[in-house]
Amino acid sequence: MKISFVIPCYNSEKNIHGVLEEIRNAMSGRPEVEYEVVLVNDCSKDRTADIIKEIAHEDPHVIAVDLAKNAGQPNALLAGFNHVSGDYIMTSDDDGQTPVGRVFDFLDEINKGYDVVCARYTERKQQSLFRRMGTWVNTKMSDWLIEKPKGTYMASFFMARRYIIDEMIKYKQPYPYIAGLILRTTQNIGNIDMEQRERSSGSSGYSISKLLKLWVNGFTAFSIKPLRISAGLGAVMGASGALLAFITGLRKLIVPEGKSSSFLISVNLTVGGLILLFMGMVGEYIGRIYMCINETPQYVVKETVGYHSKK
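Colleague: What is the right way to look at the packing of aromatic side chains in this model?
Modeller: Aromatic ring pairs are described here by two measures, namely the spacing of the ring centres and the angle between the planes. One pass over the structure, following the stated rule, counts 2 aromatic pairs. Considering the side-chain rings of F5 and Y35, the 6.5 Å spacing of their centres and the 80 degrees angle between planes classify their relative orientation as edge-to-face. One end of the pair, F5, is in strand 1 (residues 2-9); the other, Y35, is in strand 2 (residues 34-41), and 30 residues separate them in sequence. For the pair F106 and F157, a centre-to-centre distance of 5.0 Å together with 55 degrees between the ring planes defines the contact as tilted. Of this pair, F106 sits in helix 4 (residues 103-110) while F157 sits in the loop between helix 5 (129-144) and strand 6 (158-161), and the two are 51 residues apart along the sequence. With respect to burial, F106 and F157 carry one shared label: buried. Between R30 and the ring centre of F104, over which it is positioned, the NZ or CZ distance is 4.4 Å.

Colleague: Would you explain the side chain of T98 in this entry?
Modeller: Mapped onto the secondary structure, T98 falls in the loop between strand 4 (88-91) and helix 4. Exposure remark for T98: the relative accessible area of 1% places this residue in the buried category. A distance of 3.2 Å separates the side chain of T98 from the backbone nitrogen of D93, its partner in a polar contact. Once residues within four sequence positions are removed from consideration, T98 is found in contact with E22, S92, D93, Y121, F157 and R197.

Colleague: What should I look at first to understand helix 4 in this one?
Modeller: Along an α-helix, residues three or four positions apart point the same way, because every turn accommodates 3.6 residues. Counted residue by residue, helix 4 has 6 buried out of 8 residues, so it is predominantly covered. Among all positions of helix 4, only V103, F104, F106, L107, E109 and I110 are buried.

Colleague: Would you mind going over unusual backbone geometry with me for this structure?
Modeller: Most peptide bonds are trans, and most residues other than glycine sit at a negative phi. With a phi angle near 50 degrees, N11 is a residue other than glycine that sits in the positive phi range. By secondary structure assignment, the location of N11 is in the loop between strand 1 and helix 1 (16-28). Its identity is not glycine, yet C43 carries a phi of approximately 55 degrees, on the positive side. Note that C43 resides in the loop between strand 2 and helix 2 (48-58).

Colleague: Just to check I follow, could you spell out helix 2 for this structure?
Modeller: Those residues of helix 2 that fall on the buried side of the exposure criterion are T48, A49, I51, I52, K53, I55 and A56. On its buried side, helix 2 packs onto strand 1, helix 1, strand 2, strand 3 (62-67) and strand 8 (301-305).

Colleague: Hey, could you run me through the environment of A71 in this one?
Modeller: Structurally, the position occupied by A71 is in the loop between strand 3 and helix 3 (73-81). The spacing of A71 and Y299 is 228 residues in sequence and 5.8 Å in space, taken between C-alpha atoms. Apart from residues no more than four positions distant in its own chain, A71 is found in contact with D42, Q298 and Y299.

Colleague: What is the right way to read the side chain of D59 from this model?
Modeller: Tracing the chain through its elements places D59 in the loop between helix 2 and strand 3. Looking at D59, the relative accessible area reads 10%, which means it is buried. A distance of 3.0 Å separates the side chain of D59 from the side chain of R24, its partner in a polar contact.

Scoring rules and cut-offs
- Starting afresh in each chain, residues are numbered from 1 along the sequence in its written order.
- It should be noted that, the model being predicted, local features are given only for residues of pLDDT at least 70 and side-chain atom pairs only at 80 or more, the latter also being counted only at that level, while totals for whole chains, interfaces and linings use all residues.
- Note that the side-chain values use all heavy atoms of the structure and ignore hydrogens as well as water.
- Two rings belonging to Phe, Tyr or Trp (six-membered ring only in the last case) form a pair when the distance between their centres is within 6.5 Å. Interplanar angles under 30 degrees mark stacking, angles over 60 mark edge-to-face geometry, and anything in between is tilted.
- A run of H or I in DSSP counts as a helix once it spans at least four residues, and a run of E counts as a strand once it spans at least two, with each numbered from the N terminus.
- Each residue is placed in one exposure class: buried if its accessible area under a 1.4 Å probe, protein chains only, is under 20% of its type's maximum, exposed if it is over 50%, and partly exposed if it falls in between.
- Counting as a charge over the ring demands two things of the Lys NZ or Arg CZ atom: a distance within 6 Å of the ring centre and an angle within 35 degrees of the ring normal.
- Polar contacts, as used here, are pairs of N or O atoms within 3.5 Å; protein pairs need one atom able to donate a hydrogen and one able to accept it. Residues neighboring in sequence count only if both atoms are side-chain atoms.
- The contact criterion used is simple: two residues touch if any of their non-hydrogen atoms lie within 4.5 Å.

Written as structure tokens, this is what we have:
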């Protein structure tokens, strides 16, 4: 049996050694289990690329993948998934917050019959109010838009069987969403409760704009429910407009002319704003279709070191 760890790395020169040491310590207790660690440098601004290449040269268990441009965590994971050879694949963050040393707890849980086992954080460290709100929004989006099984928690820290990963890497479109890729393959998902640790150093690479982009990717790439909502609201607004026109006609017979102008202006502005919003939403979908047709690359692998350990 072999376990493959996939770790996206961004500005993690101070953290990655600690994460690897935790993996080595965990795996040393089960010498009969083979393992490999795929480190994916997502175009870091520090010395992360050089460090993981040095590690890959020295440690036969490590494969270093260097991306040519910053592609984001989902794409970095997919890039790493394309280099794994294990029977089970486990992801981890590069900042020390994910207790990757609990790998065999995940394995025990997955052997109960699950296809994927995700961490369910009972407590999160060093998260701002915005990040907590973002987590809540992401959870609700998964529940409704991509029909996540009720009571199941999705996280970027998970273990999956090999065939799940093989299905996920078939997705070649430019806007991946990891939870969506898992859920379109299986709904047989388990959870392990744990506490998220504090970062070893540095700060999160997710800005407000990146989080918003991630959410948009989630509901436009894996669900058409937003379009159905816009169609339903359009029907409601159309009916409301017809009713308003009827009421306005009656008022003009009773109320002196000009009394309802401010009300009508506000209604026009509201309706106009909704139209622009829906047009933007439709344009977002059309833009993504165009990008898919033109085969915009998800990520570009610049260099791979340690590939000899794949098989």
